[in-house]
Structure formats: C-alpha cells, structure tokens
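Listed below are the residues making up each chain.
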Amino acid sequence: MSTVTTTSIEPSAPPARSPLVSWLAVISVMAGIFAIVTTEILPIGLLTSIGSSFTISDGMAGLMMTMPGFLAAISAPLVTVATGRIDRRLMLGAFVLVLALANFLAAVASSYWLVLISRVMVGVTIGGFWSIGAGLAGRLVPAESVGRATSVIFSAVPLGSVLGVPLGTFIGDIADWRTTFLAMGFFTLCVLVMLLLTVPALPAERVTRLNVLGGMLRSVNTRFALMVTFLVVLAHFGTYTYVTPFLEQVTHLSSGLITVFLLVYGAAGIAGNFLGGSAVVRYPRATFAAAAAMIAGATLLLPVLGKWDLGALALLTVWGVAYGAVPVCSQTWFAKASPDSPEASSVLFTASFQATISLGALVGGVVVDHFSSALVMTLGGATAVLTVLAVWVHRVRNVPWPTAVQ
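Each value, and the rule that gives it
Residues numbered from 1 in each chain as written. Predicted model: local features only at pLDDT ≥ 70, side-chain atom pairs only at ≥ 80, totals over all residues. Heavy atoms only, no water. Helix = DSSP H or I, 4+ residues; strand = E, 2+ residues; numbered from the N terminus. Contact = heavy atoms within 4.5 Å. Areas by Shrake-Rupley, 256 points an atom, 1.4 Å probe, with all protein chains shown as cover. Axes fitted to C-alpha atoms, helices over the stretch in contact; angles between N-to-C directions. Parallel < 35°, antiparallel > 145°, perpendicular 65-115°, else oblique. Left-handed = near helix turned anticlockwise from the far one by under 90°. Nonpolar A, V, L, I, M, F, W, Y, C, P; charged D, E, K, R; others polar. Patch = residues over 30% accessible without salt bridge, like charges linked within 9 Å, V, L, I, M, F, W, Y side chains within 5 Å. Salt bridge = Lys/Arg side-chain N within 4 Å of Asp/Glu carboxyl O. Buried < 20%, exposed > 50% of the residue type's maximum accessible area, 1.4 Å probe, protein only. Core = buried A, V, L, I, M, F, W, Y, C linked by side-chain atoms within 4.5 Å. Expected span 1.5 Å × (residues − 1). pLDDT = per-residue confidence, 0-100. Phe/Tyr/Trp six-rings, centres within 6.5 Å; stacked < 30°, edge-to-face > 60°.

**Topic: the overall build of the chain**
Then step 1. Helix and strand counts for the chain come out as 17 helices and 2 strands.
Then step 2. Contacts spanning at least 24 positions in sequence make up 87% of the contacts within the chain whose residues lie at least 6 apart.
Then step 3. Roughly 15900 Å² of accessible area belongs to the chain as shown, and the carbon and sulfur atoms make up 72% of that amount.

**A look at the packing of helix α4 (residues 88-108) against helix α9 (residues 177-198)**
Then step 1. Contact geometry for α4 and α9: axes closest at 8 Å, N-to-C directions at 165 degrees. One element, α4, and the other, α9, form an angle in the roughly antiparallel class. You can see that α4 and α9 cross each other, and the crossing is left-handed.
Then step 2. Here the contact of α4 with α9 is built from residues that sort into 19 nonpolar, 4 polar and 2 charged.

**Points about a nonpolar patch on the surface**
Then step 1. There is a patch of nonpolar side chains on the surface, built from F230, L359, L362 and V363 and spanning about 300 Å² of accessible area.
Then step 2. One can find V363 in helix α16 (residues 342-370).
Then step 3. Of the residues examined, V363 reaches a relative accessible area of 42% and is grouped as partly exposed.

**Observations regarding the nonpolar core**
Then step 1. Core analysis: the biggest nonpolar cluster contains 87 residues, and F129, L140, L247 and W319 have the highest contact counts within it.
Then step 2. Per element, the largest residue contribution to this core is 12 residues, and it comes from helix α1 (residues 19-53).
Then step 3. Discounting residues that sit within four places of it in the chain, W319 has contacts with H236, T239, Y240, V243, Y265, I295, A298, T299, L302 and M377.
Then step 4. Of all hydrophobic cores here, the second largest spans 21 residues; its members include L46, L47, A106 and V376.

**Quick notes on the packing of helix α3 (residues 63-82) against helix α5 (residues 112-133)**
Then step 1. Close contact between α3 and α5 brings their axes to 6 Å; oriented N to C, the two are set at 35 degrees. You can see that α3 and α5 cross each other, and the crossing is right-handed. The segment α3 lies against α5, with L63, M64, M65, M67, P68, L71, A72, S75, A76, V79 and T80 engaging Y112, V115, L116, R119, V120, V122, G123, V124, I126, G127, G128 and S131.
Then step 2. Among the residues making up the contact of α3 with α5, the classes are represented as 16 nonpolar, 6 polar and 1 charged.

**Remarks on the side chain of H236**
Then step 1. Take H236: it is sitting in helix α11 (residues 220-240).
Then step 2. Assessed through its relative accessible area of 1%, H236 is described here as buried.
Then step 3. Non-local contacts of H236, meaning those with residues more than four positions away in its chain, are made with T241, Y265, W319 and Y323.

**Topic: helix α13 (residues 255-280)**
Then step 1. Over its 26 residues, α13 extends 36 Å from the first C-alpha to the last, a length consistent with the 38 Å expected when each residue adds 1.5 Å.
Then step 2. Those residues of α13 that fall on the buried side of the exposure criterion are I258, T259, F261, L262, Y265, G266, A268, G269, G272, N273, G276 and V280.

**Observations concerning the side chain of T287**
Then step 1. Along the chain, T287 falls in helix α14 (residues 284-305).
Then step 2. Overall, the relative accessible area of 12% leaves T287 in the buried class.
Then step 3. Among residues more than four places away in sequence, those in contact with T287 are G276, A279, V280 and C329.

**Describing unusual backbone geometry**
Then step 1. Unusually for a residue other than glycine, T55 sits at a positive phi of about 55 degrees.
Then step 2. Residue placement: T55 occurs in the loop between α1 and α2 (58-61).
Then step 3. Overall, the relative accessible area of 72% leaves T55 in the exposed class.
Then step 4. One non-glycine residue, H252, adopts positive backbone phi at about 60 degrees.

**Comments concerning the confidence of the model for the chain**
Then step 1. On average, residues of the chain carry a pLDDT of 81, and 86% of them reach 70 or more.
Then step 2. When mean pLDDT is compared element by element in the chain, α9 scores highest at 94, while strand β1 (residues 4-8) scores lowest at 39.
Then step 3. This stretch, residues 1-12, has a pLDDT under 50; its non-local contacts, to residues over four places away or in other chains, come to 47 contacts.

**Overview of the packing of aromatic side chains**
Then step 1. Tallied over the entire structure, the rule returns 9 aromatic pairs.
Then step 2. Seen from their ring centres, F54 and Y112 are 5.9 Å apart, and the 45 degrees between their planes marks the pair as tilted. Taken together, the residues span a long stretch of sequence, with F54 in the loop between α1 and α2 and Y112 in helix α5 at a distance of 58 residues. Like F54, the residue Y112 is buried in the burial classification.
Then step 3. Site record: aromatic cluster; members linked through ring pairs are F54, Y112, W177 and F181.

The following block contains the structure:
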C-alpha cells in the first residue's frame, strides 16, 4: 500500500448559510452513514431466512458480509485518489444512489449471485462514502461546532445496530427479507433527496494522490494498530455474523425474541461507543484491552451460558458494550500513530477494518458449515484473548506514542 499525499487547491470556509440548513446538512450526512451501516450489517439478522430462500448454508449466506468488506477495503484508497477533483456533494449523492440500487437489486434478486452483486455495490459505497463523508464536518458548520457535528455524524454507526438491524429483522419477521431490503431502498432514496437539498456545493480542496504507504507502515505504532485491529475485528465479525444461527440452534429463541436480543445488543453498543470514546483518549491501551477482554469473555461463555435466555441476553449486553468501543479505539490508535497524516490514517483504518470484516465473516462461515455456531464463538473468543495479550506486550515493551497520550 502507499502513502497518501495531498496537493492543496484552495482552502475554503463553510459557506455562509443559516445554522438550521447547516445542521440539516450534517444530519443528512449522518443519515447517509446510518443507511450504509444498516445495509452492511442487515444480513446478520436475516441470515437464515435468506439462506433458506436460496437453499444455501449459513456459511454461504455469510458471503453477504464478506463481499462488502472486501470491496470497501479496495475502494477506500482507490476512491480517495480517483475522485480527488470532483465536487464532494456530487460524489456523496452518487454513492447513496448506488446504495439505493443495491437494496432494490437484493429485494428482487431471483438468485443468490444477484444478491452478492448487490453486496459488491454496497462495498463500493462504504469505501467511497466513508472516505469522503467522515471528514466533512469542518466544511458544513463553523469551526466552533465541528466537534459536535463530527459526533453527530459518527453517532450513525451505533444507531445502525440499535435501530437499523433490529427494525430490519422485525420487518423480515412480519413480512419477508425482501421487504426489508425494499424498505431500506426507499429510505436511502429519501436520504439522497435530503443530501441534495441540504449539502452545499463542495468543490475539492485538495487533490489526493496515492504514493507508497510504506512510510506509514515503518512506524511501529501503525503496524501495531493494524495488528490489534485485525485481531479484534476478526474475533467480532467471525462470531457476530453468525449470532442469529447460534440463538436459533443453541438458545432456541423465536425470531421475535432474536429481534429483541439484537436490539438490546445495539443499545449496549451505543453505551460502549460513548464510554470508549471518552476513555480511549486518556487510556488507549487499557480501553482497547478491556474491550477485547469483554468480547473474549462473552464469546467464550456463550456456548456454556448461552443455552439459557437470560445467560445469552447478559452476554450479548456485555458484548455490545465491548464492541461499541472498538471502532473509536481503533481509529484513535491509527490517528495517534500517524498524527501528521490524518487522511492517510483514515484510509488505512477504513481499508483494514473493512478487509477484516470480510475475512472474519468468511472464516466464521467455514467453521459454521463444517462444525457448529458454538465452535465459532469459542474460536472468536480465543482470537480476542490474543488481542488482549498483544496490547499487554505493547505496554510491557513500553512502546512510546508519538503524542502525549499514553
């Protein structure tokens, strides 16, 4: 991979608009990310019903999680380069339109390979929209409001788990999984209209060129951020992708109760997002280690305590809090490792995170098909334990951060 360098075209301040319109633009970007996050992880709650529709195994159905992550990992750096001179508003709109079409294609797919094509489109949208939208707050609101606007935009990530997936699962339960994707497609079109009406013209401020990422990878902290992100995301998505089959086969829950359990998990994720965000600035190692340890404990105990409803619910709550902290911890580690290259750090974070989501879903699918969903949980827990050990080694070796944060 390579270093991302930027050539300035012209600096620009946020356009002079009313505060209401400016904040509506922020909310529309948040809604776009919400639609993306929800669409990406929607198959988790619908995995078995989609699989039964096409008479495929749970592991094969897990490819719906593998495809977007793989494509997002590729498109994140490529889109950063290829669209460097194009108005960001137009690019946001284009990617949201692709997302809407992907949902509609999934809703009418007559075969599973068409569903996978729709997931390829989702992956391209993830890499493209995130590479542009994540850093737009400073161009939408005045400087004194950038922090608050950024928080609003990123709140879409846990909200996608809390509202999007359980609601999608509920719709799939009372209607069918195709209706869920159809509803998501119409919602995404509404987001597109909102984006075009509220986001101002955003001509490119700088042209981004991809050279060699080797300079960043020579940093020990960047390499370590890559390693622990790989381990913890592999542990999570290798297991959580198949939580619905586990709850059906081991806990023996009805589809209605599974929706409730996923809702509780998502609510816990919101709490973990805010708790992790406030703690990681002061205690980056301890916060990351605590999150990984909680994921390890929850997944290792699920095959034992998850046989009972209350045990499964309690462990999913712990798991939700833990994973809610993971993205903000990982992103903070990448930012601290390369404080002089924020854009390159963002690209590297997005690409590595999404690639590992893909790999985790793929590996978990192989284990589910050849063994059981219970073994998936055990192996995921063991991987999370390795994350804790890696952070501990980093601490024992006293590897310094390039900033004052320790």
